[in-house]
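# Residue-level structure breakdown
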Amino acid sequence: MKFSTTLIFILLFVLVLFFYFELSPPRTEAPFVPPAGDDSAGGSTFSLGKDDRVVWLQIQNIEKNETATFVLKKGLWMLKQPVRYEADQGFVKAVIQELLRLEKVTPFVPERKWDEYGLLRPNLKIGIETQKDPHRRYLCLGDPSPVSQMIFARWEGEESYFLVDQSMMGIFDVSLYRLCEKRIFRVSREDVSRLMYRIESKMYKLEKRNGIWTWVGPESLNGITMRPEDAERILDLIGNLYIKDFMTGGQQGDTGYGFSERVDYIKLWDNRDVPHVFYLGGEYPGRDAFYGRREGDDTVFLVDRLNIQSLFDQLVEIARGYEEPSTRPRAEDIFPNDYSRFR
């Protein structure tokens with residue numbers, strides 16, 4: 001065979017190969033489907049059945065190595081870990097509502113392995129348990145999606161993933177301070193029936209009698225009626241007492257925080273005669289704060305130094321306004337329409 005004929009056959013063969021690869025449809029890999037049971041949660045998509053409710057919630061921030069666990073006790077959400085304290089009820093309810101919305105999210109079959117979605121070792125995991133189903137399910141939140149302001153997510157044990165709004169990451173990635181109830185007293189003003197506070201070893205006592213606040217102590221003020229505006233001011237001041245931060249290592253009775261039998265405190269009773277007590281501990285100069293704790297709670301917290309000093313100064317100032325006979329209000333000035341019962 002002549003060389004020119006051989007060259008023609010070679011060129012024809014190359015040409016055939018070229019058209020074969022150019023015109024043939026590209027091969028696609030079969031989508032990756034993880035084997036069933038690759039996770040311990042056993043998960044099925046979360047939904048809340050009729051007459052069921054969430055009783056346990058956990059937020060695991062794997063990136064920060066932080067875990068917050070909530071339990072429902074007597075209708076109230078309590079933070080069990082990392083501190084034992086009443087949770088921010090609105091926050092927990094918002095988290096549960098976000099999880100319930102996922103029931104309607106469209107699932108997708110993965111085309112790659114879970115680590116390429118950030119779902120093999122996710123940044124955040126949210127666990128949930130209901131009253132009727134003690135089997136805990138875990139939602140994994142992974143990497144951002146490259147096509148929109150979304151992130152990859154899936155329920156552990158599921159063979160599909162879905163997309164959620166990127167803002168959802170911010171809902172769960174929160175501080176301990178955000179998780180806890182910040183108000184020291186959670187009793188509404190209308191429900192307070194008695195009040196007692198000790199400041200620098202001096203005791204002050206007030207009682208609400210037939211809707212009217214009256215001094216009970218000290219002895220020099222016993223029986224004196226309080227002006228309604230002063231009573232409202234005191235209740236406002238106490239109701240606006242907030243926690244500055246939490247001490248995760250504090251335990252009830254720790255003398256290292258300055259708590260003793262002689263500390264200043266505020267105590268009030270609700271309309272069921274249940275007491276609520278706040279104890280003021282020693283000063284924490286590094287945070288410009290005082291230690292504090294509530295009776296019945298193990299957790300020690302911080303209260304702002306300037307705020308607490310202003311509060312106590314105002315409580316003492318109000319009491320002083322009734323100590324001098326010349327400055328004491330007359331019943332007819334407080335209740336001009338009916339003051340005969342105060343004569």
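Predicted model only: the values in this text are computed from it and were never measured.

Calculation notes
- Residues numbered from 1 in each chain as written.
- Predicted model: local features only at pLDDT ≥ 70, side-chain atom pairs only at ≥ 80, totals over all residues.
- Heavy atoms only, no water.
- Helix = DSSP H or I, 4+ residues; strand = E, 2+ residues; numbered from the N terminus.
- Expected span 1.5 Å × (residues − 1).
- Polar contact = N/O pair within 3.5 Å; in protein donor to acceptor, adjacent residues only side chain to side chain.
- Buried < 20%, exposed > 50% of the residue type's maximum accessible area, 1.4 Å probe, protein only.
- Axes fitted to C-alpha atoms, helices over the stretch in contact; angles between N-to-C directions.
- Parallel < 35°, antiparallel > 145°, perpendicular 65-115°, else oblique.
- Left-handed = near helix turned anticlockwise from the far one by under 90°.
- Contact = heavy atoms within 4.5 Å.
- Nonpolar A, V, L, I, M, F, W, Y, C, P; charged D, E, K, R; others polar.
- pLDDT = per-residue confidence, 0-100.
- Pairing = 2+ DSSP bridges.
- Arc of directions from axis to C-beta.
- Salt bridge = Lys/Arg side-chain N within 4 Å of Asp/Glu carboxyl O.

## Points about helix H2 (residues 89-101)
Taking 1.5 Å of rise per residue, 13 residues should cover 18 Å, and H2 covers 19 Å from first to last C-alpha, within 8% of that figure. Sitting at the amino-terminal end of H2 is Asp88, which places a side-chain oxygen 3.1 Å from the backbone nitrogen of Gly90.

## Some remarks on the side chain of Ser160
One can find Ser160 in the loop between strand S7 (150-155) and strand S8 (162-165). The exposure class of Ser160 is buried, given its relative accessible area of 18%.

## Structural notes on the packing of helix H5 (residues 228-239) against helix H6 (residues 305-323)
Contact geometry of H5 with H6 gives a least axis separation of 10 Å together with a crossing angle of 165 degrees. Considering the angle they form, H5 stands roughly antiparallel to H6. Regarding H5 and H6, the two cross each other, and that crossing is left-handed. Of H6, the residues touching H5 (which contributes Asp230, Arg233, Ile234, Leu237 and Ile238) are Leu311, Gln314, Leu315, Glu317, Ile318 and Tyr322. Grouping the constituent residues of the contact of H5 with H6 by class yields seven nonpolar, one polar and three charged.

## What to know about the confidence of the model for the chain
For the chain, the mean per-residue pLDDT works out to 83, and 80% of the residues sit at or above 70. Least confident of the elements in the chain is helix H1 (residues 3-23), whose mean pLDDT is 55; most confident is strand S13 (residues 265-269), at 97. Contacts for the low-pLDDT stretch residues 25-44, under 50 throughout, to residues beyond four places or in other chains number 31 contacts. Contacts for the low-pLDDT stretch residues 339-343, under 50 throughout, to residues beyond four places or in other chains number eight contacts.

## A closer look at the sheet that holds S7
Taken in spatial order, the eight strands make up an open sheet running S4-S3-S2-S1-S5-S6-S7-S8, and their pairing is antiparallel. The sheet is open, and its two borders are formed by strand S4 (85-86) and S8, each paired with just one other strand. Bridge analysis of strand S6 (residues 137-144) against S7 gives four bridges, and the strand direction is antiparallel. Across the sheet, Pro144 pairs through a bridge with Ile151, a residue of S7.

## What to know about the pairing of strand S16 (residues 300-304)
Burial within S16 is extensive, with four of its five residues counted as buried. Strand direction decides the pairing type here: strand S12 (residues 245-247) and S16, joined by three bridges, are antiparallel. Residue pairing across strands places Met247 opposite Val300, the latter belonging to S16. Sheet topology places strand S15 (residues 289-294) next to S16; four bridges connect them, and they run antiparallel. Bridge pairing links Gly292 to Phe301 in S16.

## Examining H5
Taking 1.5 Å per residue, 12 residues should reach 16 Å; H5 reaches 16 Å between its end C-alpha atoms and fits that length. Within H5, burial applies to Asp230, Ala231, Ile234, Leu235, Leu237 and Ile238. Buried positions in H5, seen along its axis, are confined to an arc of 160 degrees and lie on one side of it.

## Concerning the pattern of salt bridges
By the definition in use, this model includes 22 salt bridges. Arg227 serves as the salt-bridge partner of Asp230, at 3.3 Å between the closest nitrogen and oxygen. Judged by its relative accessible area of 13%, Asp230 is buried. For Arg227, a relative accessible area of 23% puts it in the partly exposed group.

## Describing the environment of Glu207
Within the element layout of this structure, Glu207 appears in strand S10 (residues 202-209). Its relative accessible area of 27% is what places Glu207 among the partly exposed residues. Residues Glu207 and Leu195 lie 12 residues apart in sequence; the distance between their C-alpha atoms is 6.4 Å. Contacts of Glu207, omitting those with residues within four sequence positions, involve Ser193, Arg194, Ile212, Trp213, Thr214 and Val216. A polar atom in the side chain of Glu207 sits 3.4 Å from the side chain of Arg209.

## Here's the deal with the sheet that holds S16
Strand order in this open sheet of eight strands is S11-S10-S9-S13-S14-S15-S16-S12, and the pairing throughout is antiparallel. Pairing within the sheet leaves two strands with one partner each, and these edge strands are strand S11 (212-217) and S12. In this sheet, adjacent strand axes meet at a mean angle of 25 degrees when their direction is disregarded. Bridge analysis of strand S14 (residues 275-284) against S15 gives five bridges, and the strand direction is antiparallel. Paired with Tyr279 across the strands is Arg293, a residue of S15. Together, strand S9 (194-199), S10, S11, S13, S14, S15 and S16 form the strand contacts of H6, whose direction differs from that of S16 by roughly 70 degrees.

## Some remarks on the side chain of Lys182
Assignment of secondary structure puts Lys182 in the loop between helix H4 (176-179) and S9. Within polar-contact distance, the side chain of Lys182 engages the backbone oxygen of Tyr177 at 2.9 Å. Engagement of the side chain of Lys182 in a polar contact is seen with the backbone oxygen of Cys180, the distance being 2.8 Å. Among residues more than four places away in sequence, those in contact with Lys182 are Asp88, Tyr177, Leu241, Tyr242 and Ile243.

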